[in-house]
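Residue-level structural notes
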Number of protein chains: 2
Amino acid sequence: MSEEMSEEMSMDLYDAIARRRDTRAEFTGRPPADEVLERILGAAHRAPSVGMSQPWVFVTVRDPGTLAAFRDHVHAEREVFAAGLTGERAETFSRIKVEGIAESGLGVVVGYDPTTAGEQVLGRHAISDTGLYSVCLAIQNLWLAATAERIGVGWVSFYREEFLRDLVGLPEHVRPVAWLCVGEVAGLPDVPDLERLGWRGRSPLASVLHQERYRG
Amino acid sequence: MSEEMSEEMSMDLYDAIARRRDTRAEFTGRPPADEVLERILGAAHRAPSVGMSQPWVFVTVRDPGTLAAFRDHVHAEREVFAAGLTGERAETFSRIKVEGIAESGLGVVVGYDPTTAGEQVLGRHAISDTGLYSVCLAIQNLWLAATAERIGVGWVSFYREEFLRDLVGLPEHVRPVAWLCVGEVAGLPDVPDLERLGWRGRSPLASVLHQERYRG
């Protein structure tokens, strides 16, 4: 890494939102430099959290054996999903890459620890999932910061939570929320893979907007 | 609104992450201009989602009667939480404002609709909550875009999901995820309210970071 690369990268927020992609195929094989990873994780750690509980856990994984074991599990789960598809859906799915675990060179396992702020978490008494929501807000901060740093992120969700828990030794009270492939990329595509490959397209904003009351 | 205000506001991503606050007391009473709100919701709608399912729903609420009804419900739930506190916690909590529902002038109810992408959602077969996670990613996009637009957002979570569902007419299959107070602000404080008022402080990043495996 050159000296300049250790400076925080600047990107306009709306640009980061627009350029962010769920990365599968573009990883170069180089994980982010340590100082870049620290900025990305620092962005995650600045996310809002219910009652300021900061209930997230990050486990960085570089060990090739662990990466390979997770990739193999994900490939098996891919087959489980594929087995439920027929016709055009099966054919379209066959062209879609669902992970870049080994290629990225770095996995970031994100977990939810509901115990970080004691029993009385301000804002969690009526809705227990608010802690889990906070963890997701941190993931989006991480994802956008990575985009600003020209680092790709791919969220893998073809796995069983128990497998991932065992793989990185999360205790029973910490729930695995995500495996993120994080690494340098040659570039980010303009169009999401799932759109480009015909899986699904974008819906118009108006279709998810309602005024005063949900219109049935 | 002046002509210039209809232009998208620019802010560096890391600045937006750092300046974002959970707003309670700073609302001026003016909701965001229509075009600003559309950009903020557009940012939410550009979030990543599992299998590109885009499973979010937004209901904008301005009706004073609806705002007042929700505020009254939240005040009652505040009392439920307060009743479980004693000593210093009770005293500290008594100084904390938990909502700006009426003052903001606009509520955005965010819901999760698991049916937007049919039965076979790519990436959801093994972990059903991944759809819910997507909705939270959209909320963080919204929050950061609002920060760039100098608009405050306050996530209220002192409520019962069933109450909010009935209030805005969400059907049974749409789960309420958040009530966001969204409005113009006089400014955003440098320090989160909960930190400034002594409820909780920030933890160091190192305390939530693990390498290769979770250290017990």
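Note that the coordinates shown come from a computational prediction; the quantities given were computed from them, not determined experimentally.

Looking now at helix 3 (residues 64-82) of chain B. Given 3.6 residues per turn, any residue in an α-helix points the same way as the ones three and four places further on. Here helix 3 of chain B contains 19 residues, and its C-alpha end-to-end distance of 27 Å stays within 8% of the 27 Å for a straight helix at 1.5 Å per residue. The N-cap of helix 3 of chain B, judged by a side-chain oxygen 3.1 Å from the amide nitrogen of Gly65(B) a few residues on, is Asp63(B).

With that settled, the discussion passes to the sheet that holds strand 3 (residues 151-156) of chain A. Overall, mixed pairing links the five strands, which are arranged 3(A)-4(A)-2(A)-1(A)-5(B) in an open sheet. Every interior strand has two partners, whereas the edge strands, strand 3 of chain A together with strand 5 (209-211) of chain B, have only one. For this sheet the average axis-to-axis angle between neighbouring strands, irrespective of direction, equals 25°. For strand 1 (residues 56-61) of chain A and strand 5 of chain B, the ladder comprises three bridges, and the chain directions are parallel. In the sheet register, Val59(A) faces strand 5 of chain B, and the bridge partner there is His210(B).

Further remarks concern the packing of aromatic side chains. Evaluated as defined, the whole model comprises 18 aromatic pairs over all chains. Ring geometry for Phe70(A) versus Tyr159(A): centroids 5.6 Å apart, planes at 55°, classification tilted. Taken together, the residues Phe70(A) in helix 3 (residues 64-82) and Tyr159(A) in the loop between strand 3 and helix 7 (161-168) connect sequence positions 89 residues apart. Here Phe70(A) and Tyr159(A) have matching classes, each one buried. Taken together, a centroid distance of 6.1 Å and an interplanar angle of 20° make the contact between Phe93(B) and Phe158(B) stacked. You can see Phe93(B) sitting in helix 4 (residues 87-94) and its partner Phe158(B) sitting in the loop between strand 3 (151-156) and helix 7 (161-168), a full 65 residues away along the chain. Chaining the aromatic ring pairs together yields one cluster made of Phe81(A), Phe93(A), Phe158(A) and Trp199(A). If you follow Arg20(A) out to its NZ or CZ, it ends over the ring of Trp143(A), 4.9 Å from the centre. Between Arg89(B) and the ring centre of Trp199(B), over which it is positioned, the NZ or CZ distance is 4.1 Å.

Aligned on chain A, chain B shows an RMSD of 0.0 Å; the corresponding rotation is 180° and the shift along the axis is 0.0 Å. Considering both components of the superposition, the chain copies are consistent with a two-fold axis. Both copies contact each other with a shared surface, as 100% of the interface residues of chain B are interface residues in chain A too.

So, about the side chain of Glu149(B). Assignment of secondary structure puts Glu149(B) in the loop between helix 6 (130-148) and strand 3. Apart from residues lying up to four places away in sequence, Glu149(B) is in contact with Tyr14(A), Glu7(B), Glu8(B), Met9(B), Val36(B), Arg39(B) and Ile40(B).

This paragraph deals with the interface of chain B and chain A. Facing the 99 residues of chain B at the interface are 99 residues of chain A. Carbon and sulfur atoms supply 59% of the area buried between chain B and chain A, which totals about 8,200 Å² over both sides. When residues of chain B are sorted by the area they lose upon contact with chain A, Tyr14(B), Met52(B) and Tyr214(B) head the list and together hold 10% of the total. Taken together, the links from chain B to chain A amount to two salt bridges. Arg175(A) is paired through a salt bridge with Asp129(B); the nearest N and O atoms lie 3.0 Å apart. On inspection of chain B and its partner chain A, the count reaches 46 residue pairs in polar contact (both at pLDDT 80 or more). Classifying every residue of the side of chain B that touches chain A gives 56 nonpolar, 22 polar and 21 charged.

An order of 5(A)-1(B)-2(B)-4(B)-3(B) is seen for the five strands of this open sheet, with the pairing classed as mixed. Single-partner strands in this sheet number two, and they are strand 5 (209-211) of chain A together with strand 3 of chain B. Each strand of the sheet is rotated relative to its neighbour by a mean of 25°, with strand direction disregarded. Pairing between strand 1 (residues 56-61) of chain B and strand 2 (residues 107-112) of chain B: six bridges, direction antiparallel. The partner of Val57(B) across the bridge, within strand 2 of chain B, is Gly111(B). On top of the sheet, helix 7 of chain B reaches strand 1, strand 2 and strand 4 (175-184) of chain B; it is set at about 70° to strand 4 of chain B, its chief contact.

Another point: the packing of helix 3 of chain B against helix 7 of chain B. Geometry of a packed helix pair, given as the angle between the helix axes and the separation of the axes. All names here are of chain B. Axis separation between helix 3 and helix 7 bottoms out at 11 Å; the angle between their running directions is 170°. By the angle between their axes, helix 3 is roughly antiparallel relative to helix 7. The segment helix 3 lies against helix 7, with Thr66, Ala69, Phe70 and His73 engaging Phe163, Leu164 and Leu167. Its residues assigned to classes, the contact of helix 3 with helix 7 shows five nonpolar, two polar and no charged.

Conventions adopted
Residues numbered from 1 in each chain as written. Chains lettered and ligands numbered in written order. Predicted model: local features only at pLDDT ≥ 70, side-chain atom pairs only at ≥ 80, totals over all residues. Heavy atoms only, no water. Helix = DSSP H or I, 4+ residues; strand = E, 2+ residues; numbered from the N terminus. Expected span 1.5 Å × (residues − 1). Polar contact = N/O pair within 3.5 Å; in protein donor to acceptor, adjacent residues only side chain to side chain. Pairing = 2+ DSSP bridges. Axes fitted to C-alpha atoms, helices over the stretch in contact; angles between N-to-C directions. Phe/Tyr/Trp six-rings, centres within 6.5 Å; stacked < 30°, edge-to-face > 60°. Buried < 20%, exposed > 50% of the residue type's maximum accessible area, 1.4 Å probe, protein only. Lys NZ or Arg CZ within 6 Å of the ring centre and 35° of its normal. Least-squares fit on C-alpha atoms with pLDDT ≥ 70 in both. Contact = heavy atoms within 4.5 Å. Buried area = accessible area lost by both parts, 1.4 Å probe. Salt bridge = Lys/Arg side-chain N within 4 Å of Asp/Glu carboxyl O. Nonpolar A, V, L, I, M, F, W, Y, C, P; charged D, E, K, R; others polar. Parallel < 35°, antiparallel > 145°, perpendicular 65-115°, else oblique.

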